[in-house]
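# Structural overview
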Amino acid sequence: MGSVEQPRLVIIAGKRKAGTTFLFHALRTDWHPALKDRSWHEMRAQVDEFRASGASSGVVAKADAIYDAQRLDAELRALGVSPDCAEMILLDRDPWERFLSFIGHEKKLGQRPIEALRDAFNSEETAAAEGRKALASSGWKVTDIRYEDLKDNPPNALLGLPLGRVAEQRNSRGEMLPFFGLIRRLVESSLYGKIRETRAIVALKSFYYTKIAHRSDVKNGFVHAVVLGSVAGPMDGQRRITGMFVRRSSFRISLIDFVNHRRWWGGLKITSQVLQGILLALFGRVDVVYLAISRSNFGLIRDFLLLSPLMLYNPRVVAHVHGAEFDDYYFKTPGFHWLKSKQLGRVDQLLFIHEQLQSQAPDIASKSNVLRNPVPDFARAARPAKPLEVGQRPTFGFISAFVPGKGIEDFLELAEGRAGQARFCIAGGTHPKFLAYGTGIEDQIKTRADIEYLGYLGDPSGFYQQVDFVVFPTSYVSEALPGVVLEALSFGCVPIVKRSNLLPAVFAGAPIRWFNDRESLLSSAVSLLAQPLEHTAELKTAGQRWVRAEFPSEADWLERLERNLLGWETGMRDFDHKSQTT
């Protein structure tokens, strides 16, 4: 570094939770205080100490100084520090990551709801923007730095000063608070600055992190979400989505599962879960409630009972709507009007899985958002579809639990007498609610030499990899966004789908063959068998391309869901799926 006429002072005045501690320890200067400052008084003392040291360069850091730029300017000038011998670093960070860290920090200090924290965060963003303008107009040299740039691709120097490698730094105040509880008044006092680095406190922090904190992922402590929904039991679309959130979320999750609520002991289980909710609300911390909202009278009453004790904490409530009949039940079906209105009034946001399935009710539109279901990772990772070879028999497949209305009878009739033209295989099995029906179907399949029966598959990849055409003949009224169709397209299979409910609108533009009844299913199959192999290959490739462009990956979906749960994307439409093309 070249010689300078006056001692050079670098002031890190970035936003809170933007990585100030990291940069403070990484920047190499001749004079470097042991700790970041906590108050204006400490900052003045550090600046005086630097000037008295005779060092050619020094650094001080005050993470919240940017929010009061006028005072920062006044304090420095009062100390004799001019823009000629000082430089400002305004440190910023990805807003979503900073917001999560901000929540984790503020939740340790108090129990304010998510909405209040989001408003406080937005106020800080506004204050920081105004502060930057004020500093620049006052003649200070201001350099904007992003935390991600320092972490992902760290430079060797910053503002002509060496930048060293440091381990991840923890904030002293953030370390103490989880162990001591609500000691905000102590932290804000000058006493804390005197005791925070004493041997006793350092030992206590070390004990906390080595013996306690490692047992629960620190990341999972940012937000506590209570999940009301089904995860266990027979797998369906809603259980798959809810389970994915529970297993993979970065939030700390408390699950209140709906499984077995309709059994003879269901009343006892619901009662125990209501008590669990009371304990969570009184003695725990409930930031947000994720509700897989029901669309039946039993489910409405059950949801209302389980949600009621959690409302003592006044959490943010987000209802995820998985079916296609939301408006029909809540606004057109008679009965329970008061309870329906009360339940929807508790909900801060309704999250629909497709634009075509969104509620048309005026009162609901203002708090509705859309997040399309993801393509499962195992399907998204599928290789390009393998084209059929000349003389090779194509394969028709059916995959589903054996439930009335899923249309397996149509598939069985399609297979009759066509063994010489194509192969046929079925994956699936009986459903606990329809044992007699499912057993009958299973027995019938086992007598058919023209059908390969794969049974239930934990991983359906093997099914899709050997199938060219997936038949989906469902007539379910609630069918909204079937995962089978998404998976089939991802693997390069051509779906043959019954024109039921809103499915044609949901899958508009996809290379799908539609049919109306059993006769049109047969004619569609004949047409596909007769078409050139090149056309079939084009349909397979187009399907893979379309589904990757229109639906998110699991990781993208999870991040967008968490953002919606915290109100980060309120009022936005679904993710920019056009940018997801791979």
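These numbers come from a predicted model, not from an experiment.

Rules and cut-offs
Residues numbered from 1 in each chain as written. Predicted model: local features only at pLDDT ≥ 70, side-chain atom pairs only at ≥ 80, totals over all residues. Heavy atoms only, no water. Pairing = 2+ DSSP bridges. Helix = DSSP H or I, 4+ residues; strand = E, 2+ residues; numbered from the N terminus. Axes fitted to C-alpha atoms, helices over the stretch in contact; angles between N-to-C directions. Contact = heavy atoms within 4.5 Å. Disulfide = S-S within 2.5 Å. Buried < 20%, exposed > 50% of the residue type's maximum accessible area, 1.4 Å probe, protein only. Expected span 1.5 Å × (residues − 1). Core = buried A, V, L, I, M, F, W, Y, C linked by side-chain atoms within 4.5 Å. Salt bridge = Lys/Arg side-chain N within 4 Å of Asp/Glu carboxyl O.

### What about the sheet that holds strand 10 (residues 316-321)?
Taken in spatial order, the six strands of this open sheet run 8-7-9-10-11-12, and their pairing is parallel. A single partner strand is all that each edge strand has here, and the edge strands are strand 8 (252-257) and strand 12 (368-370). The average angle at which neighbouring strand axes cross in this sheet is 20°, direction not considered. Taken together, the four bridges between strand 10 and strand 11 (residues 349-352) define a ladder with parallel strand orientation. When the bridges of strand 11 are listed, Val-318 appears paired with Gln-349. Strands in contact with helix 11 (residues 237-248) are strand 7 (224-229), strand 8, strand 9 (288-292) and strand 10; relative to strand 9, the strand with the most contacts, it is inclined by about 160°. Packing against the sheet, helix 12 (residues 266-283) makes contact with strand 7 and strand 8, and its axis sits at approximately 155° to strand 8.

### Quick look at the state of the cysteines
Two cysteines whose sulfur atoms are joined by a covalent bond form what is called a disulfide. Per the stated rule, a full pass over the model turns up zero disulfides. Cys-425 carries a free sulfur, and the closest cysteine sulfur to it, the one in Cys-493, is 9.4 Å from it. By relative accessible area, which is 0% here, Cys-425 ends up buried.

### Details of helix 25 (residues 554-565)
For helix 25, spanning 12 residues, the distance from its first C-alpha to its last is 16 Å, which sits close to the expected 16 Å at 1.5 Å a residue. Most of helix 25 sits inside the fold, with nine of its 12 residues counted as buried. Here helix 25 has its buried residues at Glu-554, Trp-557, Leu-558, Arg-560, Leu-561, Glu-562, Arg-563, Asn-564 and Leu-565. In the segment just after helix 25, Gly-567 is the residue with positive phi, at about 75°.

### Considerations on the nonpolar core
Grouped together as the largest cluster of nonpolar side chains are 33 residues, with contacts concentrated most on Phe-463, Tyr-464, Val-470 and Phe-507. Secondary structure elements with two or more residues in this core: strand 14 (423-427), helix 20 (461-465), strand 16 (469-472), helix 21 (483-490), helix 22 (503-506) and helix 24 (533-550). Per-element accounting of this core gives the leading share, five residues, to helix 21. Excluding residues within four positions of it along the chain, Val-470 makes contact with Gly-397, Phe-463, Tyr-464, Val-484, Ala-488, Cys-493, Val-494, Pro-495 and Ile-496. Core analysis: the next-biggest nonpolar cluster, separate from the first, contains 30 residues, Leu-280, Leu-310, Phe-352 and Ala-361 among them.

### Comments concerning the pattern of salt bridges
All chains considered together, the criterion is met by 28 salt bridges. Of the charged contacts, one joins Asp-144 and Arg-132 as a salt bridge, the two residues approaching to 2.7 Å between their closest N and O atoms. One end of the pair, Asp-144, is in strand 4 (residues 141-146); the other, Arg-132, is in helix 5 (residues 114-137), with 12 residues separating them in the sequence. Overall, Arg-132 belongs to the partly exposed group, its relative accessible area being 29%. Between Asp-468 and Lys-540 there is a salt bridge, with the nearest N and O atoms lying 2.5 Å from each other. Of this pair, Asp-468 sits in the loop between helix 20 and strand 16 while Lys-540 is found in helix 24, placing the two residues 72 residues apart along the sequence. Given a relative accessible area of 7%, Asp-468 falls into the buried group. Assessed through its relative accessible area of 4%, Lys-540 is described here as buried.

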